[in-house]
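A closer look at the structure
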Amino acid sequence: MRKNGVNMIKISAKNVDVFYGKKQALFNINLDIEENQVTALIGPSGCGKSTFLRCLNRMNDVIDICKVQGEIVINDFNINDKGCDVVRLREKIGMVFQKPNPFPKTLYENISYGPTIHGMAQSKQEMDEIVETSLKKAALWEEVKDRLHEPGTGLSGGQQQRLCIARAISVQPEVILMDEPCSALDPIATAQIEELIDELKKEHTIIIVTHSMAQAARVSQRTGFFHLGELIEHGSTDKIFKNPDNIKTQDYITGRFG
Amino acid sequence: MLGYTSYYFGRKKAYTIQSTNKRLTALPQFYGYYLAIWCAIPAFIIYSLWAIFEPTIVKLLILSDYANQGYLDDELNLIYEKTKALSRGQFTGEVTSLIQTSSEKYLNLRSIAQSSKVVIVLCIIIASVAYAYKRISSNNRTREPVEKFFNAVLFTASLAAILTTVGIVFSLIFQTIDFFKVIPLFDFVFGTHWYPAKAFVRDSSEALDPTMYSDTFGAVPIFAGTFFIAFIAMCVAIPIGLMSGIYLAEYASYKVRQYAKPLIEILAGIPTVVYGFFAALTVGPFLKDIGTAMGLEVSAESALAAGGVMGIMIIPFISSLSDDVITSVPQSLRDGSYAMGATKSETIKKVIFPAALPGIVGSILLGVSRAIGETMIVVMASGLAANLTLNPLESTSTITAQIVVILIGDQAFGDPKTQAAFALGMSLFIVTLCLNIVALRVVKKYREKYE
Amino acid sequence: MNKNKEKLLAKRYSSEKRFQFLGKSAIFMALLFLAIFIFKIFSTGYTAFQKTWLIVPVNFDAETMYLDANPSKEDLEDADYFEISLQSMFNLDKNANEKQQNELKKMVSYFFEREIKQELINDPSLLGKTKDVYITASDDLDQVFKGNYPRDLPENQRRVTDYQLKIFDQLVEQGKVESKFNLSFFTYPDSREAELAGIASSFMGSIFSILVCLAIAFPVAVLAAIYLEEFAPKNRFTDFIEVNINNLAAVPSIVFGLLGLGILLAVFQLPRSTPLVGGITLSLMTLPTIIIACRASLKAVPPSIREAALAMGASRMQTTMHHTVPLSMPGTLSGTIIGLAQALGETAPLILIGMVAFVNTIPGSPMDPAASLPVQIYIWAESAERGFVEKVSACIMVLLGFLIVMNLFAQIIRHKFEKKWS
């Protein structure tokens with residue numbers, strides 16, 4: 001998919017403003033996300049990076065008072081258009097949340113949930129296959145293959161989060177959004193997830209919100225820095241971490257505030 | 001009043017001590033309370049003991065005059081009762097000189113008792129207050145005893161709930177046991193004929209012949225009717241209550257919720273007798289008309305009318321309880337499902353509903369328990385004859401309705417019919433108790449899971 | 001494949017719509033029931049606040065009443081009014097035969113003699129003159145005038161005869177029938193005659209029962225709640241108390257009636273049919289409700305307040321009495337009012353303790369026999385006379401009015417005084 005050494009643009013946000021009631025949370029965000037890359041969004045707490053992430057699959061619809069303005073174009077299609085179908089959009093853009101949130105059902109049902117509602121499997125056999133490949137991709141298969149029909153809430157935190165990732169990739173989304181996926185996990189589980197992210201980027205475009213700059217540096221190719229609802233700077237991870245243009249970015253990176 | 005005075009004195013003494021620059025170990029008020037408690041409690045104890053024992057002692061004193069004159073116990077009691085009645089001026093029979101004298105003696109004794117009671121109680125008050133007053137000094141602790149006393153009062157109050165339960169069990173159990181002495185338990189639980197009126201017309205001299213009551217107190221039709229009507233009620237209440245609970249929790253905008261929720265809850269606040277009137281006056285005849293139009297035989301007091309109206313009454317219980325339960329399902333589960341591209345109804349049906357199921361089951365069980373214990377609707381809108389039927393268009397009767405039918409008006413304790421009502425009450429209590437315990441436990445477990 | 005997908009999506013959306021529609025219709029159904037209900041009660045009940053009067057000329061003839069020209073007040077009280085009362089009714093149709101005269105007499109309530117007597121006592125100067133007097137019509141004519149009575153039934157199925165209807169229609173034409181506000185509905189006690197039945201006795205019965213209930217349940221419940229929430233150690237015994245309270249709150253009310261009957265009446269020998277026993281029974285029933293409400297509002301007081309007071313050197317008791325309890329009062333009070341409202345609407349336990357007895361005096365204390373408003377509804381609803389139907393609805397309106405006022409009051413207390421802890 002390479003074109004003249006530059007990656008294809010998968011998502012491009014233009015002039016995005018977000019309001020919570022009367023309070024403006026995001027100011028005029030312009031950001032392009034490249035295909036099959038990991039893009040990290042960093043910044044201090046409350047800077048709006050999670051809000052921006054939730055704009056990308058319209059999860060902000062769930063919050064009554066939240067209003068999004070501007071254009072977010074995915075596959076030449078503005079998702080903030082009235083005609084946009086949220087259900088179809090979310091099928092293409094999966095999400096992994098901060099706290100692992102497996103459904104209170106069996107492991108199998110957790111994975112098969114998405115394919116079932118989207119009618120992706122015609123038979124039980126096909127469904128078994130989907131469940132297996134998803135779990136394998138999420139590097140969870142070996143650990144759980146003998147207890148697929150036990151409740152998903154019985155797993156450890158790290159396993160639960162990988163289960164959620166498996167659930168997200170079961171519908172073969174083009175983009176996976178990750179909202180601080182490792183913040184509730186211990187370092188070993190975190191390392192496993194990070195490895196997984198590296199693997200997943202071959203087939204999916206990944207956007208990850210993270211608190212940890214080290215994590216951003218480890219997993220991402222591109223980075224955007226948010227501060228007080230504004231996108232201060234974005235570019236390749238190398239450049240942001242080694243040679244940022246903006247003084248605020250530098251201060252944050254070097255730990256002077258945030 | 002005396003208590004207040006002693007409170008005042010206690011506080012005053014404390015203030016005087018305080019004004020002499022000594023340090024008190026407690027606030028002056030506590031000295032007041034201390035004194036007041038000392039004033040009231042011993043006097044109260046003596047007073048109540050007195051009130052309990054006075055009649056017995058008076059009776060002994062009066063009857064001691066006749067003790068050696070060869071009267072039987074029963075006759076002595078009669079004399080005493082007559083004496084009391086005459087003294088109160090309520091005696092209607094022939095006044096003999098014997099009763100006349102004993103009545104005079106009775107009045108005399110009572111007045112002595114009255115005055116000596118006042119004197120003794122006053123003495124005790126003064127003595128105990130004096131004792132407590134002397135004990136008040138700068139380094140005597142009064143706060144602890146006062147607080148201990150209040151703590152004991154609070155504890156006693158909290159026993160009220162247990163006492164009520166004990167009271168319920170006691171009031172039911174003796175009559176029930178007496179009932180089962182006459183009617184075998186087996187006949188009650190498995191008998192299929194319930195005609196308590198048959199027991200009523202019998203002569204009291206025959207009343208203890210158990211064979212007369214076979215086929216009179218078979219409770220199967222009653223139990224069947226109770227569960228049948230409750231079933232009809234739940235058929236109305238569960239779909240409507242559950243769906244409106246779900247709609248209010250998941251779909252309704254803030255505004256709709258703000259108005260619809262209290263409006264639906266008005267249904268829960270309407271007294272059941274009003275529902276009964278509504279069922280009997282409007283719903284029953286209405287169903288009968290519809291039935292006649294369709295060529296069906298519908299009783300004006302059909303199980304359907306009573307059950308249907310009862311269902312309306314239970315809607316708000318189910319809806320608000322399931323609303324609560326659904327709202328307490330964590331948002332993260334919803335987010336997870338939406339992020340998978342699920343629609344709202346898919347999320348509700350496949351994620352939220354299963355997660356909330358224990359809580360919903362608990363609330364339904366509470367609803368069933370209410371339906372079983374509901375009285376007025378059934379009394380007014382359903383029949384009083386206990387038919388063993390599963391036709392919702394016929395009339396049936398329930399436990400509660402039978403209790404009311406039997407106990408309305410004057411009751412004679414010791415009559416098997418009255419005892420039957422208590423036995424029914426006992427079965428009602430046991431059934432609802434089990435339902436409640438299970439339901440409350442399920443709901444509690446569920447709450448703990450998500451908190 | 002893609003086409004299949006579109007189809008599936010359409011199906012999913014229509015199922016979504018169906019589900020939403022189900023939810024909406026459930027709410028709609030619930031609200032519809034409420035609306036039908038209220039409409040029905042009001043449409044049958046509002047007429048009870050009007051009462052039909054016949055205006056009948058009465059000749060206060062001194063001779064017929066065995067009075068001299070200038071009677072004293074006592075004489076007026078003792079005079080014989082029956083004859084003139086009867087005569088004035090008969091005068092409505094001078095050609096009436098004996099049977100018809102009897103029917104004429106039944107066109108008014110049996111109180112007519114007293115109403116005529118009152119008229120003269122109020123104005124003794126009427127003696128020897130003829131005056132139009134307002135007389136309460138019989139309940140059947142009352143219903144006829146209000147249009148609730150099917151006039152087209154054959155005569156033998158009606159309680160009103162053709163002859164009575166004829167006379168009545170004549171009176172209506174002459175403007176001698178009037179409908180006025182029915183004050184007696186509020187001031188008269190219960191009666192077997194629908195036109196004279198009022199809610200005064202049951203109303204007072206309700207008030208006394210509720211007062212007794214409040215006097216017992218409120219202090220005990222508040223003290224118990226304070227103990228359980230603030231002082232009780234966490235052990236099996238307090239757990240047991242808690243389970244007990246929660247269960248009691250769900251025990252059917254009729255069981256409390258059996259408790260009242262089996263213990264209060266049979267063991268303690270308290271007087272039957274009195275608001276005292278009714279109030280005690282109701283208080284046992286509302287106790288758990290108030291305890292639960294009070295505990296909830298005690299729980300809502302943040303621990304930081306307690307810690308602050310304790311850190312100032314206040315004892316546990318002082319902390320509770322000076323800070324926690326006052327702060328929790330709004331919640332407790334509104335919970336109490338809601339509990340009392342529940343008790344006010346309760347019927348079954350009161351029937352069991354005999355408050356269903358026919359009482360035609362207004363009770364003056366909780367120790368006098370009385371009915372209560374809901375029981376009155378039950379008694380009237382079981383009566384066969386048509387005139388009682390509107391009375392029942394009117395009584396329901398009064399009762400609902402009370403409940404609404406109490407609930408509003410509870411809401412206001414909660415919203416006005418309750419502090420929001422963030």
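Here is what the cut-offs are and how they apply
- Residues numbered from 1 in each chain as written.
- Chains lettered and ligands numbered in written order.
- Predicted model: local features only at pLDDT ≥ 70, side-chain atom pairs only at ≥ 80, totals over all residues.
- Heavy atoms only, no water.
- Patch = residues over 30% accessible without salt bridge, like charges linked within 9 Å, V, L, I, M, F, W, Y side chains within 5 Å.
- Areas by Shrake-Rupley, 256 points an atom, 1.4 Å probe, with all protein chains shown as cover.
- Salt bridge = Lys/Arg side-chain N within 4 Å of Asp/Glu carboxyl O.
- Helix = DSSP H or I, 4+ residues; strand = E, 2+ residues; numbered from the N terminus.
- Axes fitted to C-alpha atoms, helices over the stretch in contact; angles between N-to-C directions.
- Parallel < 35°, antiparallel > 145°, perpendicular 65-115°, else oblique.
- Left-handed = near helix turned anticlockwise from the far one by under 90°.
- Contact = heavy atoms within 4.5 Å.
- Nonpolar A, V, L, I, M, F, W, Y, C, P; charged D, E, K, R; others polar.
- 1 Å grid on protein atoms, 1.4 Å probe; cavity = no way out; pocket = protein on both sides within 12 Å on 5 of 7 lines; lining within 4 Å.
- Points joined across faces, edges and corners; volume = space filled by probe spheres on them.
- Buried area = accessible area lost by both parts, 1.4 Å probe.
- Polar contact = N/O pair within 3.5 Å; in protein donor to acceptor, adjacent residues only side chain to side chain.

This part takes up a nonpolar patch on the surface. Taken together, the side chains of B:Ile41, B:Phe44, B:Ile45, B:Leu49, B:Ile52, B:Phe53, B:Ile57 and B:Leu61 make up a nonpolar region of the molecular surface, amounting to roughly 760 Å² of accessible area. Here B:Ile45 shows up in helix H2 (residues 28-64).

On to the packing of helix H10 (residues 236-248) of chain C against helix H12 (residues 275-300) of chain C. Between two packed helices, the angle of one axis relative to the other and the distance separating the axes together describe the packing. All names here are of chain C. For the pair H10 and H12, the least separation of the axes is 8 Å and the interaxial angle reads 120°. Here H10 is positioned oblique relative to H12, judged by the angle of their axes. Both H10 and H12 take part in a crossing whose hand is left-handed. Counted together, Glu242, Ile245, Asn246 and Leu248 of H10 and Pro288, Ile291, Ile292 and Arg295 of H12 form the full contact between these two elements. Its residues placed into classes, the contact of H10 with H12 shows five nonpolar, one polar and two charged.

A few words now on the layout of surface pockets. If you add up the space inside the second largest pocket, you get close to 780 Å³. Contributions of two or more residues to the lining of the second largest pocket are made by helix H2 (86-92) of chain A, helix H9 (220-251), helix H10 (254-269) and helix H13 (331-339) of chain B together with helix H1 (2-45) of chain C. Across the lining of the second largest pocket, the residue classes break down as 12 nonpolar, five polar and nine charged.

By convention, interface size is frequently given as the accessible area that disappears when the constituent parts associate. Facing the 79 residues of chain B at the interface are 71 residues of chain C. The contact between chain B and chain C buries some 6,400 Å² in all, and 80% of this surface belongs to carbon and sulfur atoms. When the shortest N-O distance is used, the salt bridge between B:Glu346 and C:Arg12 registers 2.7 Å. Run the count over chain B and chain C and you get eight residue pairs in polar contact (both at pLDDT 80 or more). By residue class, the composition of the side of chain B that touches chain C is 52 nonpolar, 21 polar and six charged.

We now examine empty space enclosed by the protein. Residue and element names in this part refer to chain C. This structure, assessed with the given rule, holds three cavities of 30 Å³ or more. Considering only enclosed or pocket space, the largest cavity measures out at about 40 Å³ in volume. In this structure, the largest cavity is lined by Ser206, Ser209, Ile210, Leu282, Ala343, Leu344, Glu346, Leu350, Ser372 and Pro374. Counting only elements with at least two residues in the lining of the largest cavity, the list comes to helix H9 (200-231) and helix H14 (316-344). Broken down by element, the lining of the largest cavity gets its largest block of residues, three residues, from H9. For the lining of the largest cavity, the class distribution of residues is six nonpolar, three polar and one charged. Of the pockets and cavities examined, the second largest cavity occupies roughly 40 Å³.

Bear in mind that shape data such as this cannot, by itself, settle questions of function.
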